[in-house]
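This is what each chain is made of:
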Amino acid sequence: MNDLRDLLRYDIQHLYSAEEQIIEALPAMIAKANDPRLKQALEQHLRVTEQQRDRLNQVKPILGEGANSGNKGGIFSGLLGAGSKSKGIAGLIEEGQKAMAVDMSSAVMDAAIIGCAQKIEHYEISGYGTARTYAEQLGMTDVAQLLQQTLIEEHDADDLLTSLAVRDVNQRAEVGADMNSRGGAL
Ligand SMILES: [Fe+2]
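Residues numbered from 1 in each chain as written. Predicted model: local features only at pLDDT ≥ 70, side-chain atom pairs only at ≥ 80, totals over all residues. Heavy atoms only, no water.

Novice: What should I look at first to understand the nonpolar core in this one?
Specialist: Nonpolar side chains tend toward joint burial in soluble globular proteins. Within the largest apolar cluster, 26 residues are counted, with the highest numbers of intra-cluster contacts made by M29, L38, L42, I113, I114 and I120. Those elements that place two or more of their residues in this core are α1 (4–32), α2 (36–62), α4 (87–100), α5 (106–137) and α6 (141–174). The biggest single contributor to this core is α1, with seven residues. Excluding residues within four positions of it along the chain, I114 makes contact with L38, L161, L164, A165 and V169. (Core = buried A, V, L, I, M, F, W, Y, C linked by side-chain atoms within 4.5 Å. Buried < 20%, exposed > 50% of the residue type's maximum accessible area, 1.4 Å probe, protein only. Helix = DSSP H or I, 4+ residues; strand = E, 2+ residues; numbered from the N terminus. Contact = heavy atoms within 4.5 Å.)

In structure tokens:
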């Protein structure tokens, strides 16, 4: 890599890998979530994540990667091949999977899922913020706009998870409440 544009390409590939891994991991988190609003938020984020992956596919040709080049040649294929996945996201997902395998009351499980999802969001917020700023520096307004759009979505998802945790889930987890016995209090 010789310049900032190369570094941006490199970072975009890792973000792409991150989105792919998140798309794969979210269904298990949705299945384990108990609070219907948490389940809904994660389902919504799965759809949004698929759009974010598609957005990165729009970025590829702008950065000089053929839109239909698939996995044949080019820096994207090189880094997205075997062993090139984002290990940061892989670690966070693995950590979440380990937590979800522990026997927990339903409210504690929800709190744990939110914690795991927010670590993933923060990782993405950091990655997209950096890449967006590189694109701005390079005068690549279209790329910067696409990345900024995703960055806003990641912030929104993070805020929604915070509000679910603070307003409700953490309180139920504090007393070990069972989602199924909460009645109509919510
Ligand atoms: Fe994302």
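Novice: What's the story with the coordination of the iron ion in this structure? I'm lost.
Specialist: Octahedral six-donor coordination of a metal ideally yields angles of 90 or 180 degrees, compared with 109.5 degrees for tetrahedral four-donor coordination. All of the protein donors around the iron ion are E19 (OE), E19 (OE), Q52 (OE1), E124 (OE) and E154 (OE); their distances to the metal are 2.0 to 2.6 Å. All donor residues of the iron ion come from one chain, and their arrangement in sequence is E-x32-Q-x71-E-x29-E. Taken together, the residues E19 in helix α1 and Q52 in helix α2 connect sequence positions 33 residues apart. Each member of the pair, E19 together with Q52, is buried. (Donors = N, O, S within 2.8 Å, 3.2 Å for Na, K, Ca; no water.)

Novice: How should I be thinking about the pattern of salt bridges in this particular structure?
Specialist: Working definition: two side chains of opposite charge can pair if their charged atoms are close together. Under the counting rule described, the total for this entry stands at ten salt bridges. With a shortest N-O distance of 2.8 Å, R37 and D35 are connected by a salt bridge. R37 gets classed as partly exposed once you look at its relative accessible area, which sits at 31%. Exposure remark for D35: the relative accessible area of 0% places this residue in the buried category. Its salt-bridge partner being D168, residue R172 comes within 2.6 Å of it at the nearest N-O pair. With R172 and D168 both in helix α6 and four residues apart, this pair spans about one turn of that helix. Given the relative accessible area of 8%, D168 is considered buried. Look at the salt bridges and you will find they share partners, linking D35, R37, D168 and R172 into a network. (Salt bridge = Lys/Arg side-chain N within 4 Å of Asp/Glu carboxyl O.)

Novice: How should α1 be read in this particular structure?
Specialist: The end-to-end C-alpha distance of α1 is 41 Å, a good match for the 42 Å that 29 residues give at a rise of 1.5 Å each. Of all the bends found along α1, the most pronounced is centred on A25 and spans about 30°, while P27, a proline, follows it within four residues. (Expected span 1.5 Å × (residues − 1). Bend = angle between axes of the 7 residues up to and from the residue.)

Novice: Honestly, the packing of aromatic side chains in this entry has me stumped. Any pointers?
Specialist: Here a ring pair, both rings aromatic, is described through the centre-centre distance and the interplanar angle of the planes. Applying the stated rule across the entire model yields zero aromatic pairs. Between the NZ or CZ atom of K60 and the centre of the ring of Y16, over which it lies, the distance is 4.7 Å. (Phe/Tyr/Trp six-rings, centres within 6.5 Å; stacked < 30°, edge-to-face > 60°. Lys NZ or Arg CZ within 6 Å of the ring centre and 35° of its normal.)

Novice: Would you mind showing me how to read the side chain of R55 here?
Specialist: By the secondary structure assignment, R55 is in helix α2. Polar contacts involving the side chain of R55 include one to the side chain of E153, which spans 2.9 Å. (Polar contact = N/O pair within 3.5 Å; in protein donor to acceptor, adjacent residues only side chain to side chain.)

Everything listed here is a matter of coordinates, which is why it stays silent on function.
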